[in-house]
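Fold and contact review
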Amino acid sequence: MENFFQLKKHGTNVKTEVMAGFTTFLTMVYIVIVNPAILSSAGVPFDQVFMATIIATIVGTLYMAIFAKYPIAIAPGMGMNAYFASVVATHGVSYQVVLGAVFLAGLLFIILTFTPFREMLIRAIPNSLKFGITSGIGLFIAFIGLRMAGIVVPNPETLVTFGNLHDPITLLTIFGLFLTLVLMARNVKGALFFGMVITAIVGIFVGLLQFDGVVSTPPTPVFFDMDIAGVFTFGLYTVVISFLLVTIFDTTGTMIGVAEQAGFLKDGKFPRAKPALMADALATTVGSTFGTSPSSAYIESSSGVAAGGRTGLTSIVVAALFLVSIFFSPFISAISSLPAITAPVLIIVGCFMMDGLARINWKQFDEAFPAFAILITMPLTSSIATGIAIGFISYPLMKLVSGKGKTVHPILYFFAVIFIIQMIFFPAH
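The sections below set out a description of the structure shown in this document. Just so it is clear, the structure is predicted and the values come from calculations on it, not from any experiment.

**Remarks on the overall build of the chain**
Each helix and strand counted, the chain has 20 helices and four strands in total. On C-alpha atoms alone, the chain measures out to a radius of gyration of 21 Å, which is about the 22 Å that the 2.2 N^0.38 rule sets for 429 residues. In terms of principal-axis extent, the alpha carbons of the chain reach across some 60 × 60 × 45 Å. The proportion of buried residues among the 429 residues of the chain is 56%. When the accessible area of the chain is evaluated, it comes to approximately 17900 Å², of which 70% is carbon and sulfur surface. The centroid of the 20 positive side-chain charges in the chain is displaced by 14 Å from the centroid of its 17 negative side-chain charges.

In structure tokens:
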């Protein structure tokens with residue numbers, strides 16, 4: 001263990017790494033509850049998503065631990081699961097077809113990891129678009145949480161309005177939200193997880209949550225329940241590109257952020273970048289074959305780094321804890337059926353994803369407006385793909401009319417044309 005991970009060299013030990021692994025696990029274990037809850041709304045069987053989520057997490061995190069040796073966990077990404085559900089709803093296709101799109105995006109992801117294209121693409125896309133995409137997804141996630149909880153409800157005159165505070169589920173959600181906010185304000189490790197646990201306990205006492213069991217034999221994994229041909233039949237090329245781009249931006253930004261926090265960056269460079277980037281590509285591809293949305297590096301890994309985690313041993317512990325969780329599917333299934341438990345997490349994670357807005361130059365209009373367009377389009381159209389398309393079209397257009405067209409990378413013009421054609425001739429609705 002010492003020789004493989006070089007614990008002393010990184011100023012850590014087994015005890016510290018194990019505690020860091022537990023810390024990371026507690027801050028991100030909500031995905032085992034939230035991901036099946038979101039994808040089951042798109043028709044994917046709960047047990048199938050439950051197992052697929054854990055399998056993808058274990059595969060990606062173990063690859064990260066063994067080959068990249070970083071304390072960074074990989075799991076199906078928030079935002080991509082919501083987008084997955086919205087594609088099923090807006091395109092009128094089966095979840096098997098969308099899983100096919102995820103699989104193709106994963107294969108492209110793996111191929112790009114072996115080429116300079118991934119780094120080139122990341123460099124070509126301006127920060128304002130990257131931050132706009134991440135923040136737009138954050139607003140979308142928070143909006144979904146508010147709707148799930150009944151805090152925001154449909155209104156024929158104003159589209160949406162404030163919900164009914166006499167509804168028990170809405171009241172329990174508000175309680176869970178404020179409780180979790182208090183825990184986070186007090187810097188309690190695992191605040192999201194403990195907030196869900198306490199809200200669930202209250203749900204039991206008020207009769208909103210019933211269990212048919214706690215521990216059971218793990219559900220049988222379902223393999224290759226997808227329709228790849230349907231991706232071409234229904235022309236879901238933009239969906240594949242959207243899965244690919246958002247996962248690339250999200251996971252790369254997260255890895256750089258965690259690496260910077262842990263002091264891994266050397267002269268601005270990210271050592272062992274290729275195996276680190278391969279971890280999420282592999283998890284995305286494997287996860288799709290079992291039934292879940294794309295995977296990404298988790299920003300919650302920063303909690304493990306803050307607890308002293310510096311090597312892949314932290315990630316090994318995270319993967320092991322997720323493996324243990326497969327024996328608790330009845331418990332997790334019951335919890336995910338009560339929106340009051342999962343909605344506060346969606347709202348707070350949405351907040352986490354807004355931090356990039358501070359790094360957008362709002363005083364430079366041709367930088368600010370494309371980011372704003374993405375930010376407002378994603379939640380209002382319930383489509384991440386539409387938001388990305390609007391951003392990629394408006395950015396080069398704004399630069400052209402302001403006389404700065406030469407500062408835009410040619411690849412952005414290419415994507416702008418592709419998205420214009422898609423929106424005119426192959427609209428999502």
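**Structural notes on the pattern of salt bridges**
On inspection of all chains with the given rule, the structure shows four salt bridges. Residues Lys399 and Glu367 are paired through a salt bridge, measuring 2.9 Å at the closest nitrogen-oxygen approach. Taken as a pair, Lys399 in helix 19 (residues 384-401) and Glu367 in helix 18 (residues 365-381) lie far apart in primary sequence, 32 residues in all. Note on accessibility: Lys399 and Glu367 belong to one class, buried.

**Some thoughts on the layout of surface pockets**
Its boundaries defined by the atoms lining it, the largest pocket holds a volume of some 1500 Å³. Classifying every residue of the lining of the largest pocket gives 22 nonpolar, 17 polar and ten charged. Considering only enclosed or pocket space, the second largest pocket measures out at about 370 Å³ in volume. If you go around the second largest pocket, you meet 21 residues; those closest to its centre are Val29, Phe193, Phe328, Phe331 and Ile332. Those elements giving two or more residues to the lining of the second largest pocket turn out to be helix 2 (14-28), helix 3 (31-40), helix 10 (191-205), helix 15 (312-324) and helix 16 (329-336). Considering every element that reaches the lining of the second largest pocket, the biggest residue donor is helix 10, with six residues.

**A word on the packing of helix 4 (residues 46-68) against helix 15**
It is at 8 Å that the axes of helix 4 and helix 15 come closest, and there the two elements cross at 160°. The angle between helix 4 and helix 15 places the two elements in the roughly antiparallel class. Crossing geometry of helix 4 relative to helix 15 is assigned as left-handed. Residues Ile54, Thr57, Ile58, Thr61, Leu62, Met64, Ala65 and Ile66 of helix 4 pack against Gly312, Ser315, Ile316, Val318, Ala319, Phe322 and Leu323 of helix 15. Taken together, the residues of the contact of helix 4 with helix 15 break down into eleven nonpolar, four polar and no charged.

**Looking at the packing of aromatic side chains**
Counted under the stated rule, the structure contains 18 aromatic pairs. Taking 6.4 Å as the distance between ring centres and 15° as the angle between the ring planes, the aromatic pair formed by Phe46 and Phe50 counts as stacked. Here Phe50 and Phe46 lie together in helix 4, a separation of four residues that amounts to about one turn. The exposure class assigned to Phe46 is buried, which follows from its relative accessible area of 15%. For the ring pair Tyr70 and Phe264, a centre distance of 4.9 Å and an interplane angle of 45° mean the geometry is tilted.

**Here we look at the nonpolar core**
If you look at the biggest cluster of nonpolar residues, it comprises 101 residues, and the most contacted ones within it are Met78, Phe84, Phe243 and Phe392. When residues of this core are assigned to their parent elements, the largest contribution, twelve residues, is made by helix 6 (residues 95-113).

**Regarding the side chain of Thr57**
In this fold, Thr57 is placed in helix 4. The contact partners of Thr57, leaving out residues within four places of it in the chain, are Ile74, Ala75, Pro76 and Phe322.

**Overview of the pairing of strand 3 (residues 159-162)**
The pairing of strand 2 (residues 152-155) with strand 3 spans four bridges and is classified as antiparallel. Its bridge partner being in strand 3, Asn155 is matched across the sheet by Leu159. In this structure, the hairpin formed by strand 2 and strand 3 is closed by a connection of three residues.

Definitions and limits used
- Residues numbered from 1 in each chain as written.
- Predicted model: local features only at pLDDT ≥ 70, side-chain atom pairs only at ≥ 80, totals over all residues.
- Heavy atoms only, no water.
- Helix = DSSP H or I, 4+ residues; strand = E, 2+ residues; numbered from the N terminus.
- Rg over C-alpha atoms; globule rule 2.2 N^0.38 Å.
- Buried < 20%, exposed > 50% of the residue type's maximum accessible area, 1.4 Å probe, protein only.
- Areas by Shrake-Rupley, 256 points an atom, 1.4 Å probe, with all protein chains shown as cover.
- Lys, Arg positive; Asp, Glu negative; His and termini not counted.
- Charge placed at Lys NZ, Arg CZ, Asp CG, Glu CD.
- Salt bridge = Lys/Arg side-chain N within 4 Å of Asp/Glu carboxyl O.
- 1 Å grid on protein atoms, 1.4 Å probe; cavity = no way out; pocket = protein on both sides within 12 Å on 5 of 7 lines; lining within 4 Å.
- Points joined across faces, edges and corners; volume = space filled by probe spheres on them.
- Nonpolar A, V, L, I, M, F, W, Y, C, P; charged D, E, K, R; others polar.
- Axes fitted to C-alpha atoms, helices over the stretch in contact; angles between N-to-C directions.
- Parallel < 35°, antiparallel > 145°, perpendicular 65-115°, else oblique.
- Left-handed = near helix turned anticlockwise from the far one by under 90°.
- Contact = heavy atoms within 4.5 Å.
- Phe/Tyr/Trp six-rings, centres within 6.5 Å; stacked < 30°, edge-to-face > 60°.
- Core = buried A, V, L, I, M, F, W, Y, C linked by side-chain atoms within 4.5 Å.
- Pairing = 2+ DSSP bridges.

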